[in-house]
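# A closer look at the structure
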Amino acid sequence: MRVLKPDTEAEVQDAIATAFAARTELALEGNGTKSHLGHAPAAATALKLSGLAGITMYEPEEMVFTARAGTTLAEVEAALAKHNQQLAFEPSGDNATIGGIIAAGIAGPRRFAAGAARDHLLGFTAVNGKGERFKAGGRVVKNVTGYDLPKLAAGSFGTLFAMTEVTLRALPKGTSTVLAVEGWTASQALPLLRAIAGSPLDPTGLAYVVDASLALIRLEGQAEGVAARAAELRRTFVRTARTLDAEEGASWFRKLAKAEPLFAPATGLWRVSIPPSRAEEAIAALKPDNWVADWAGGLLMLEFASTAPRIHETVRALGGHATLIRAPEPVTEPFPPLDAATLALTARVKYAFDPARILSPGRMYKDL
Amino acid sequence: MQMPELDSRLLERRGEFIAALLALVPDGVIADDDALVAYDCDALTAYRQKPLAVVLPRTADEVSAVLAYCSANKLKLVPRGAGTSLSGGSLPVGDGILLGLSRMNRILEVDLENRCAVVEPGVTNLAITRAVEADGFYYAPDPSSQIACTIGGNVAENSGGIHCLKYGLTTNNLLGVEFALIDGTRVRFGGKALDPGGLDLLGLITGGEGLLGVVTEVTVRLRAKPPEAKALLIAFPSIESAGQCVADVIATGIIPAAMEIMDRFAMDALEAYCAPGYPKQAAAILIAELDGMAVEVAAAAAEVEKIARQNGALECRASASDAERDQIWAGRKAAFAAAGRIAPDMLCMDGTIPRRALASVLSRMTEMSKQFGLPVANVFHAGDGNLHPLIMYDVMKDGDLAHAEAFGADILKLCVEVGGVLTGEHGVGVEKRDLMPLMFTPDDLAQQEAVKCAFDPQALLNPGKVFPSLSACVEGGAMHVHHGRMPFPNLPRL
């Protein structure tokens, strides 16, 4: 595979404009840490954006920063940590680029409470499939000026445009407490997590690790508030909840964010987003070899030694959708299949940005 | 502000259209001239135009049928919820119909276990909260028009409210919609599960201002009501000190549920209107709301008060009950009405700036007010930088409206100059349409207009709104056909 690695936005524009003129397909990537998601790139040339790096603006008092899309997550997090701030959507992958994190729609355990990448991306600059540079959004949260293209950018896997610069919210890190409930079965723990999610305790982590019979509840915020809520949780829900020490608690949530450390190597892993009340049904119908529930049961990570039986149909019938994380053999539909009308609309939206279909063709859907 | 020229071919067919629409929506077509007057504008009352007819469907199937008919007959349409838009988002066009969604007002499902509700687009924002509050839940985005505005309209405008800093806008509280495309097809984006399965088309159409399709069903996220909420009313000797206090509070990591600043002019207007008892010597007041458990509210309130005093606060009152909290807010909620009493007419602007620019922007506005000879009061969502300058004028005075609009445009230009945006929550509509080039280059606008073409290539939905130029969506010419093969050959074209 031929690799293009521009160093500046102008070079990105040049590379794509040239490709557009010649109808050369390009597989977009940051550092390539998410290349296992979706279909394998069909394009013969990779456009690597990791050369566009550096934080160009950071105003902690305004809770906002701008970085070139190829800046690593590690660099972003280190800069924010100096001011006790963070990316609230809890992405993971130190070597991943911030642009790639957004394009892959990566979010961690806090997603159900604090939102995903799409809720924290305020604006961006990009180059579309014709080599044209454009910007969208801004640097403020209250912004309804024009179409909300940042929402579209998140999770678009490089199929619409190449982001060159992104502006995101930086939110305060609070005190964090993780409580563990040990020895409960899934049928006891999942309803507990749902009940806590619907309470004013404002949890930012609600997970269940079935092979450890371990439910994990995270509370974050101002110190006095967190302590009061932890006490209230014990009083109202489960007296035996045990506070984990800081490092143990943080370690569990890091594993949940990455998912793979919780499972055996080289097995099939699927990520299922589901209405939390249907989690038990999904597990019963799909019979995974192992599983972990996150987002109060709204996210199931399912492990299969071999293929997952008719996972898309089953999950769709329960009101959810399934995305492949990894599989021992290629899978025909790593993304949730779309109905005809939505697929057609998706194609038209792609056409609006990439009419010659040169940007990461086939990455999400074979024909797009 | 010019609206697109009327298409006489459409006007000529008015009778035919009305007959056809009556067949599709039997008891839901208003065509009588006098009755149409009631629909000739929304809350941007300076601009009025009667539509050809008003169509009020009761079901999603009726919406689809009407859209399919419009599409086949190139008939324009303007969707409307409750018509509370301050930017002319549902201003009718004379050669199109007004599609009112207010009859679709049923709450279809309340699903507390999954913390969501499924409702029709004509349900009011407040009605959603009312339906779930007895169980300890609420729907967080709370625009000040919430008693009247519809959730479908909220989706189209990506509406906000005073609690955005902590709880987000509509787009951050939306799980799914059913969306009718211009040809009548309905698609579902999202649902009760988080994250899209594919591109975030839900996020794209939220804030689409009725230009991309029509919302026929909405799934909203519900939140548990915090056990306690306390309001602090803090008086400052200057706008600068109030603004600095806000910045300092945020720097500690506390994110209050709401933070509002009012200037002296707004306070004087309020004093004359409803005497809320705000401190008379203050140059600015800050109302901060803290919510959560009692212990953390108390701790946060103490911290905010300490920071306020460090910034020279003259006075700090904290509510000790829900009634006292409501009283503190009563003045802020009456601010627009109070300002509206001072002059015969008022333009309510809406721009967002970085918080740190507040003092300098307000000071520039004072200068501009003198230059334009028009008074302006300021109410400011301090937490998120969303400004609402209230410009007072008299429409009976020759040229006063144009003058007020020019003043408003200059304010928005200033917002963009300091790193902000043209509109924080009211939308672009017609009001700010011609100012879009202040924020976006021709390439930026062209990219957005291309998105419009993906949804509505004939430009039938909400013409004359948001984008300054009518761009044609040329299909065959622009599309590259390689070796005789169309791109995406199996996919249907609109």
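In case you missed it, the structure is sitting above this.
Residues numbered from 1 in each chain as written. Chains lettered and ligands numbered in written order. Predicted model: local features only at pLDDT ≥ 70, side-chain atom pairs only at ≥ 80, totals over all residues. Heavy atoms only, no water.

### Thoughts on the overall build of chain A
Each helix and strand in chain A was counted, giving 11 helices and 18 strands. For 368 residues, the compact-globule estimate of 2.2 N^0.38 gives 21 Å, and the C-alpha radius of gyration of chain A, at 21 Å, lies within 12% of that figure. With the C-alpha coordinates of chain A rotated into their principal frame, the extents come out at 65 × 50 × 35 Å. Excluding contacts between residues fewer than 6 apart, the proportion of contacts in chain A whose partners are at least 24 apart in sequence is 67%. Within chain A, one finds 39 positive and 38 negative side-chain charges whose respective centroids are separated by 2 Å. (Helix = DSSP H or I, 4+ residues; strand = E, 2+ residues; numbered from the N terminus. Rg over C-alpha atoms; globule rule 2.2 N^0.38 Å. Contact = heavy atoms within 4.5 Å. Lys, Arg positive; Asp, Glu negative; His and termini not counted. Charge placed at Lys NZ, Arg CZ, Asp CG, Glu CD.)

### Here we look at the interface of chain B and chain A
Facing the 91 residues of chain B at the interface are 80 residues of chain A. Of the roughly 7100 Å² buried where chain B meets chain A, counting both sides, 60% is carbon and sulfur surface. Inspection of the region where chain B meets chain A yields eight salt bridges. The salt bridge partner of Asp444(B) is Lys135(A), with a shortest N-O separation of 2.6 Å. Elements supplying a minimum of two residues to the side of chain B that touches chain A: helix 7 (164-167), strand 9 (186-190), helix 8 (201-205), helix 9 (239-251), helix 11 (294-310), helix 16 (436-439), helix 17 (442-455) and helix 18 (475-478) of chain B. Sort the elements by how many residues they give to the side of chain B that touches chain A and helix 17 of chain B lands first, with nine residues. (Buried area = accessible area lost by both parts, 1.4 Å probe. Salt bridge = Lys/Arg side-chain N within 4 Å of Asp/Glu carboxyl O.)

### Some details on the packing of helix 6 (residues 186-197) of chain A against helix 9 (residues 279-286) of chain A
Contact geometry for helix 6 of chain A and helix 9 of chain A: axes closest at 10 Å, N-to-C directions at 150 degrees. On helix 9 of chain A, the residues touching Leu190(A), Pro191(A) and Arg194(A) of helix 6 of chain A are Ala279(A), Glu280(A) and Ile283(A). (Axes fitted to C-alpha atoms, helices over the stretch in contact; angles between N-to-C directions.)

### Quick look at empty space enclosed by the protein
Within this structure, the stated rule accounts for eight cavities of 30 Å³ or more. Taken as a whole, the largest cavity spans an internal volume of roughly 170 Å³. Lining the largest cavity are 15 residues; nearest its centre among them are Glu62(A), Arg139(A), Val140(A), Val141(A) and Arg355(B). Looking at the lining of the largest cavity residue by residue, the class counts come to nine nonpolar, one polar and five charged. The computed volume of the second largest cavity comes to approximately 140 Å³. Lining the second largest cavity are 13 residues; nearest its centre among them are Pro276(A), Asn114(B), Arg115(B), Leu175(B) and Leu194(B). A breakdown of the residues in the lining of the second largest cavity according to their chemical character gives eight nonpolar, two polar and three charged. (1 Å grid on protein atoms, 1.4 Å probe; cavity = no way out; pocket = protein on both sides within 12 Å on 5 of 7 lines; lining within 4 Å. Points joined across faces, edges and corners; volume = space filled by probe spheres on them. Nonpolar A, V, L, I, M, F, W, Y, C, P; charged D, E, K, R; others polar.)

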